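Chain by chain, the residues run as shown.
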Amino acid sequence: MRLRALSGLGVKGPACFLLEIAGRRLMLDLGRGPDGDALPDLSGVGRVDAILFSHGHADHTGGLHLAAGLGDPPLFAPEPAIALSRDPAMQAARRLETFADLGLPFDCGPAGHAPGACWMRIGGAEGLVYTGDLSAEGGLYRCTMPPQARAMVFDASYGAADQPLAEQATGLLELADRPLLLPAPAGGRGLEMALAFLAAGHRVSICAAHRAVAEAMLARPGWLVPGGAEALARLLAEAADLVPDGPLRGTMIAAGPNAERDSAAMLARRMIGERIGRVVFTGHLAQGTPAQGWVAEGRALFRRWNVHPTLAGTRALFEAVRPAQAMPAFCTADAAGRLAAALDRPLVATAEVAW
């Protein structure tokens, strides 16, 4: 068995890994960004037998147009990611769990993080666990730990950071004493934040993109934590509709995580230009986006809302999988080094690993 990181090792870059196992060549995710339009370098990769997607975010699926150069292999993705995608190719993908029908030992399960996000185990206990993006802290999307495997590629986006989500949420709620705009991906932490503010008694409004995802996930309660469907139903009933030219009041959840597009872009410009309330970014500040510039200038705030594992979460992951070799994905080499020290174990630092 052999794994090669085509992208996603040593950088917060697009996810793309090539697994060779039992005579098959499988690509795990094929993303773009999140900084600029960065794409994996697929030169020399050749044909692959299938592409398996962990979830629907662009840094895991945005390179799908490159599949033609890989022999147009079949695509497999979690059902919610298929249902929520606007890409015709992804809409035609097969459900991820049906990959097991092709005869290779295969398991997958919910990874929190986003609608339908999944971890995968390929090749059984002697094979590979690929976590994709994973978070067990969220209060909406279900997450289970993967089973044991010999090797693992895991979400190390936060390195050794260890502030729990509950503490972050408390700090963010304290900023709601004036109009508050929270740009966020509709298929991600946005709904989790909306539910937290609603539960705390705040006036909440959500954009049309968030409402559409909430309605889609309400129809798929098996992907939600216990009580998640009831919480989403309440949100849909009680949250106001957020429109770009509407009143700036309460807590506003708008699509466009870096205020680079959609309703978040228009609302953020209004609030910053008119000096009304606060604009707070809660995820990766992508290079060259309005979010990065405004936070650097002090015109907007950054407060993290965990959607990746903390150090405690990473320790729990290692206890579950018990890998002999583990590759940290989606963080810099320096952050990976600090994480290895905190875990008191070596981590794979090379782009290729075999076992």
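What counts, and at which threshold
Residues numbered from 1 in each chain as written. Predicted model: local features only at pLDDT ≥ 70, side-chain atom pairs only at ≥ 80, totals over all residues. Heavy atoms only, no water. Phe/Tyr/Trp six-rings, centres within 6.5 Å; stacked < 30°, edge-to-face > 60°. Helix = DSSP H or I, 4+ residues; strand = E, 2+ residues; numbered from the N terminus. Buried < 20%, exposed > 50% of the residue type's maximum accessible area, 1.4 Å probe, protein only. Lys NZ or Arg CZ within 6 Å of the ring centre and 35° of its normal. 1 Å grid on protein atoms, 1.4 Å probe; cavity = no way out; pocket = protein on both sides within 12 Å on 5 of 7 lines; lining within 4 Å. Points joined across faces, edges and corners; volume = space filled by probe spheres on them. Nonpolar A, V, L, I, M, F, W, Y, C, P; charged D, E, K, R; others polar. Pairing = 2+ DSSP bridges. Axes fitted to C-alpha atoms, helices over the stretch in contact; angles between N-to-C directions. Left-handed = near helix turned anticlockwise from the far one by under 90°. Contact = heavy atoms within 4.5 Å. Parallel < 35°, antiparallel > 145°, perpendicular 65-115°, else oblique. Salt bridge = Lys/Arg side-chain N within 4 Å of Asp/Glu carboxyl O.

Draft legend 1. Representation of the packing of aromatic side chains in the model. Under the counting rule described, the total for this entry stands at 5 aromatic pairs. Ring centres of F17 and Y130 lie 5.5 Å apart, and the angle between their planes is 55°; on these two criteria the pair is classed as tilted. Of the two residues, F17 is situated in strand β2 (residues 16-21) and Y130 in strand β9 (residues 128-130); the sequence distance between them amounts to 113 residues. Residue F17 is classed as buried on the basis of its relative accessible area, which comes to 0%. Ring plane angle 80° and centroid distance 5.3 Å describe the contact between F76 and F99, whose orientation is recorded as edge-to-face. Of this pair, F76 sits in strand β5 (residues 75-77) while F99 is found in the loop between β6 (94-95) and β7 (106-110), placing the two residues 23 residues apart along the sequence. In this pair, the class of F76 matches that of F99, namely buried. Ring-pair connections join several aromatic residues into one group, and the members of that group are F17, Y130 and F330. Just above the ring of Y158 sits the side chain of R304; from NZ or CZ to the centre is 4.1 Å.

Draft legend 2. Inspection of the layout of surface pockets at higher detail. Each pocket or cavity is described by its volume, and for the second largest pocket that value is around 210 Å³. In terms of lining residues, the second largest pocket is bounded by M271, I272, R275, I276, G277, R278, V279, G298, R299, A300 and L301. Residue assignment for the lining of the second largest pocket shows that the elements contributing at least two residues are α8 (262-274) and β15 (278-281). Its residues placed into classes, the lining of the second largest pocket shows 6 nonpolar, 2 polar and 3 charged.

Draft legend 3. Seen up close, the pairing of strand β10 (residues 151-155). In terms of burial, β10 is largely enclosed, as 5 of its 5 residues are buried. Taken together, the 3 bridges between β9 and β10 define a ladder with parallel strand orientation. Across the sheet, residue L128 finds its bridge partner in β10, namely A151. As judged from the 5 bridges shared by β10 and strand β17 (residues 325-329), these two strands associate in the parallel manner. Bridge pairing links M152 to A326 in β17.

Draft legend 4. Spotlight on the packing of helix α6 (residues 208-218) against helix α7 (residues 228-238). Between α6 and α7, the least distance of the axes is 10 Å, while the angle of their chain directions is 145°. α6 and α7 meet at a crossing whose hand is left-handed. For the pair formed by α6 and α7, the contact residues are R211, A214, E215, M217 and L218 on the first element and A229, L232, A233 and L236 on the second. Class assignment of the residues belonging to the contact of α6 with α7 gives a composition of 7 nonpolar, no polar and 2 charged.

Draft legend 5. Up close: the sheet that holds strand β14 (residues 251-255). What the 6 strands build is an open sheet, ordered β13-β12-β14-β11-β15-β16; its pairing is parallel. At either end of the open sheet lies a strand with only one pairing partner, and these are β13 (240-241) and β16 (301-302). Where strand β12 (residues 204-206) meets β13, 2 bridges bridge the pair, whose relative direction is parallel. Considered in β13, the bridge of S205 is made with A240. Strand contacts of helix α5 (residues 189-199): β11 (180-184), β12 and β14, with the helix running at about 150° to β11, the strand carrying the most contacts.

Draft legend 6. Seen up close, the packing of α5 against α7. Two elements in contact, α5 and α7, have axes separated by 10 Å at closest approach and are oriented at 75°. Viewed along their axes, α5 and α7 adopt a mutual orientation that is roughly perpendicular. Across from L191, A194, L195, L198 and A199 in α5, the residues of α7 making contact are A231, L232, R234, L235 and E238. Class assignment for the residues of the contact of α5 with α7 results in 8 nonpolar, no polar and 2 charged.

Draft legend 7. Quick peek at the sheet that holds β9. With respect to topology, 5 strands assemble into an open sheet ordered β7-β8-β9-β10-β17, the strand pairing being mixed. Since the sheet does not close on itself, it has two edges, and those belong to β7 and β17, each with one partner. Between one strand and the next, the sheet's axes are offset by a mean angle of 15°, whatever the strand orientation. The pairing of strand β8 (residues 118-122) with β9 spans 3 bridges and is antiparallel. Paired with I122 across the two strands is L128, which belongs to β9.

Draft legend 8. Spotlight on the pattern of salt bridges. The final tally for this structure, using the stated rule, is 14 salt bridges. Salt-bridge contacts for E352 lead to R2; the nearest nitrogen and oxygen are separated by 3.9 Å. With E352 in strand β18 (residues 352-354) and R2 in strand β1 (residues 2-7), this pair connects stretches of sequence that are 350 residues apart. With a shortest N-O distance of 2.7 Å, E79 and R220 are connected by a salt bridge. Of the two residues, E79 is situated in helix α2 (residues 79-84) and R220 in the loop between α6 and α7; the sequence distance between them amounts to 141 residues. For E79, a relative accessible area of 25% corresponds to the partly exposed category. If you follow the salt bridges from partner to partner, you end up with R2, R4 and E352 in one network.

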